[in-house]
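# Architecture and fold: a report
Here is what each chain is made of, one letter per residue.
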Amino acid sequence: MTQNSAIQNEPRPSHTSLSSGKAPEPTRLITRLGALRGIIGLIALVIIGIVVSPRDRRNGDILFLQVGNIIDILRQVSEIGIIAIAMTFVVLTAGIDLSVGSTLAMSATVTGLVLTRVFDHTPYALHIAIAVLAGLAVGGAAGLVNGFVISRLSIQPFIMTLAAMMGLRGLARSLTNNTNIEFSFGDDVTARFADVMSQKTTVIACFAGMAIVFAVVLKKTVFGRYVRAIGDNEKAASYAGVPIARIKVWVYFLCGLLAGLAGVLHAAQSHQGNPNDGVAYELDAIAAVVIGGTSLAGGRGTIFGTIIGTLIIGTLTNILGLKDVDSNRQLIVKAVIIVLAVWAQSRKRVA
């Protein structure tokens, strides 16, 4: 058999799936059922939260349903949610990024360094803008390196991002001699930065904004269709003319960039640049993506499902916290939920 005939016999993505963005009917049905299952799970969890929630001793109100508690849930899940949004694109390409927690720590550390050790005589607004851009730049650069090595040097994503996880953590610690960069509570630039960037409205708005932008990109753009095509069948996508390497570089760049954004927000909320923060954040982000119905095999998933997965994790954590459940037991519960989510996906593929 000649090489040309072999290529002709190679399976290729349909013209419809790449040009119009419409997935085959069975795939769309599976995606909708997965999203519906996530919504039902979240509603069930909310009902459980209402039933088991303690009550306010003063007026008997259900603590879980108080507006302040709901806002706290949204604020607490925003950092993981922002990372999980970008992680969805990575997983859709059948990849993984284990370095996002270390990227967050690196971004928070660099943000703290810029705020405290450089540009001392710069006006506050400009100084804060430079610090935010520095945090984002560090995250984007980390993602760019990951994407380049994975796509150009054919290093497996698991290996490359595992190495980046260790390397970035070590670099962040080296920059500060393994010490925290504390922010003040007075009237200097670090206090102004923390006041502005840690506002609940700011944090939640960043989460919501990223969710909307990335949902539109995934559903309505050629880039989003290429991401799905790569995860569905990379070889066929390559024969169809999809620029595999370039798309992967962009995907990992965006993942690093959003991890950098989460790092900036984390520094503001924790009032410090801590090179030891962000441990296991990558696991929470991956858990949110998987619980939201995105297939670890790639090609199938939605940003909406990831948001639901993030809210499920956040709501569960909040319920367990209200019931004073030990943090170690909370990890056990999360582990069980992740295993069940992956098991449900495997059964769905078999079916």
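### Thoughts on the layout of surface pockets
Quantified by volume, the second largest pocket comes out at close to 600 Å³. Along its surface, the second largest pocket is lined by 28 residues, and I80, D284, I313, T317 and K334 are the ones closest to its centre. Elements with a minimum of two residues in the lining of the second largest pocket: α4 (67-92), α12 (244-270), α13 (281-291), α14 (303-322) and α15 (327-350).

### Overview of the packing of aromatic side chains
Any two aromatic rings considered together are summarised by their centre-to-centre distance and by the angle between their planes. Throughout the structure, instances matching the rule amount to 4 aromatic pairs. Here F89 and F214 contribute two aromatic rings whose centre-to-centre distance is 5.4 Å and whose plane-to-plane angle is 90°, an arrangement assigned as edge-to-face. On the criterion of sequence distance, the pair formed by F89 in helix α4 and F214 in helix α9 (residues 200-220) is long-range, its members being 125 residues apart. Classification of F89 by relative accessible area gives buried; the value is 1%. For the ring pair F183 and F193, a centre distance of 5.9 Å and an interplane angle of 85° mean the geometry is edge-to-face. In this pair, F183 is assigned in the loop between β1 (181-182) and α8 (189-197) and F193 in helix α8, connecting sequence segments 10 residues apart. By the burial criterion, F183 is buried, and F193 matches it. Three or more aromatic residues joined by ring pairs form one cluster here, namely F89, F214 and F223.

### Things to note about the nonpolar core
If you look at the biggest cluster of nonpolar residues, it comprises 87 residues, and the most contacted ones within it are I85, M87, F89 and F193. Broken down by element, this core gets its largest block of residues, 14 residues, from α12. Among all residues touching F89, those that are not within four sequence positions of it are F214, V217, L218, F223, V227, V251 and I303.

### Topic: helix α6 (residues 124-152)
In an α-helix there are 3.6 residues to a turn, and that puts residues three or four apart on one side. Between the first and last C-alpha of α6 there are 41 Å, a value that for 29 residues agrees with the 42 Å anticipated at 1.5 Å per step. Phi for S154, located one or two positions after α6, is positive at around 55°.

### Description of unusual backbone geometry
With a phi close to 55°, N177 is a non-glycine residue in the positive phi region. Along the polypeptide, N177 turns up in the loop between α7 (157-176) and β1. Of the residues examined, N177 reaches a relative accessible area of 66% and is grouped as exposed. Phi is positive for A280, close to 70°, though the residue is something other than glycine. On the accessibility criterion, A280 (30% relative accessible area) is partly exposed.

### Here we look at the pattern of salt bridges
Within this structure, the stated rule accounts for 4 salt bridges. D72 is paired through a salt bridge with K200; the nearest N and O atoms lie 3.1 Å apart. Here the residue D72 occupies a position in helix α4, and K200 occupies one in helix α9, the gap between them amounting to 128 residues. Among the residues examined, K200 registers a relative accessible area of 38% and is labelled partly exposed. Note that K248 and E234 form a salt bridge whose closest N and O atoms lie 3.1 Å from each other. You can see K248 sitting in helix α12 and its partner E234 sitting in helix α11 (residues 234-239), a full 14 residues away along the chain. Taking relative accessible area as the criterion, K248 reaches 15% and is therefore assigned buried. Overlapping salt bridges bring together D72, R75 and K200 as one network.

### Things to note about the packing of α8 against α12
One can describe the packing of α8 onto α12 by two numbers: an axis separation of 8 Å at closest approach and a directional angle of 110°. When the axis of α8 is compared with that of α12, the two are roughly perpendicular. For the pair α8 and α12, the crossing hand works out as left-handed. Along the contact surface, α8 presents F193, A194 and M197, while α12 presents V264, L265, A267 and A268. Residue composition of the contact of α8 with α12, by class: 7 nonpolar, no polar and no charged.

### Observations regarding the confidence of the model for the chain
With 88% of its residues at a pLDDT of 70 or more, the chain has an overall mean of 88. Of all secondary-structure elements in the chain, the lowest mean pLDDT belongs to helix α1 (residues 3-9), at 43, while α12 reaches the highest, 97. In this model residues 1-17 is a low-confidence stretch, pLDDT under 50, and it forms 19 contacts with partners more than four residues away in sequence or in other chains.

Cut-offs and rules
Per-chain numbering applies: the sequence of each chain, read as written, is numbered from 1 onward. Reporting of local features is limited, given that this is a predicted model, to residues whose pLDDT is at least 70; pairs of side-chain atoms are given and counted only at 80 or more, and all residues count toward the totals for whole chains, interfaces and linings. Hydrogen atoms and water are omitted, and side-chain values are computed over all heavy atoms in the structure. Grid points spaced at 1 Å over the protein atoms alone were grouped into cavities, where a 1.4 Å probe fits but cannot get out, and pockets, open sets with protein on both sides within 12 Å along at least five of seven lines, with lining residues defined by an atom within 4 Å of a point. Grid points are joined across faces, edges and corners, and a volume is the space filled by probe spheres set on the points. What counts as a helix is a DSSP run of H or I of at least four residues, what counts as a strand is a run of E of at least two, and both are numbered from the N terminus. Working definition: rings of Phe, Tyr and Trp (its six-membered ring) pair if their centres are within 6.5 Å, and the pair is stacked with planes under 30 degrees apart, edge-to-face with planes over 60 apart, and tilted otherwise. Exposure classes here rest on a 1.4 Å probe applied to the protein chains alone. A residue is buried below 20% of its type maximum, exposed above 50%, and partly exposed in between. The nonpolar core is taken to be a set of buried Ala, Val, Leu, Ile, Met, Phe, Trp, Tyr and Cys residues, with the residues joined through side-chain atoms within 4.5 Å. Residues are treated as being in contact if the distance between any of their heavy atoms lies within 4.5 Å. Helix span is expected to be 1.5 Å times the residue number reduced by one. Between Lys or Arg on one side and Asp or Glu on the other, a salt bridge is scored when a side-chain nitrogen of the former is within 4 Å of a carboxyl oxygen of the latter. Throughout, an axis means a line fitted to C-alpha atoms (over the contacting stretch in the case of helices), and angles, computed between N-to-C directions, take values from 0 to 180 degrees. Orientation is classified from the angle alone, with under 35 degrees giving roughly parallel, over 145 giving roughly antiparallel, 65 to 115 giving roughly perpendicular, and any other angle giving oblique. By definition, turning the near helix anticlockwise from the far helix through less than a right angle yields a left-handed crossing, and turning it clockwise yields a right-handed one. Here the term charged refers only to Asp, Glu, Lys and Arg, the term nonpolar to Ala, Val, Leu, Ile, Met, Phe, Trp, Tyr, Cys and Pro, and the term polar to all other amino acids, Gly among them. pLDDT is a residue-level measure of predictor confidence that goes from 0 to 100.

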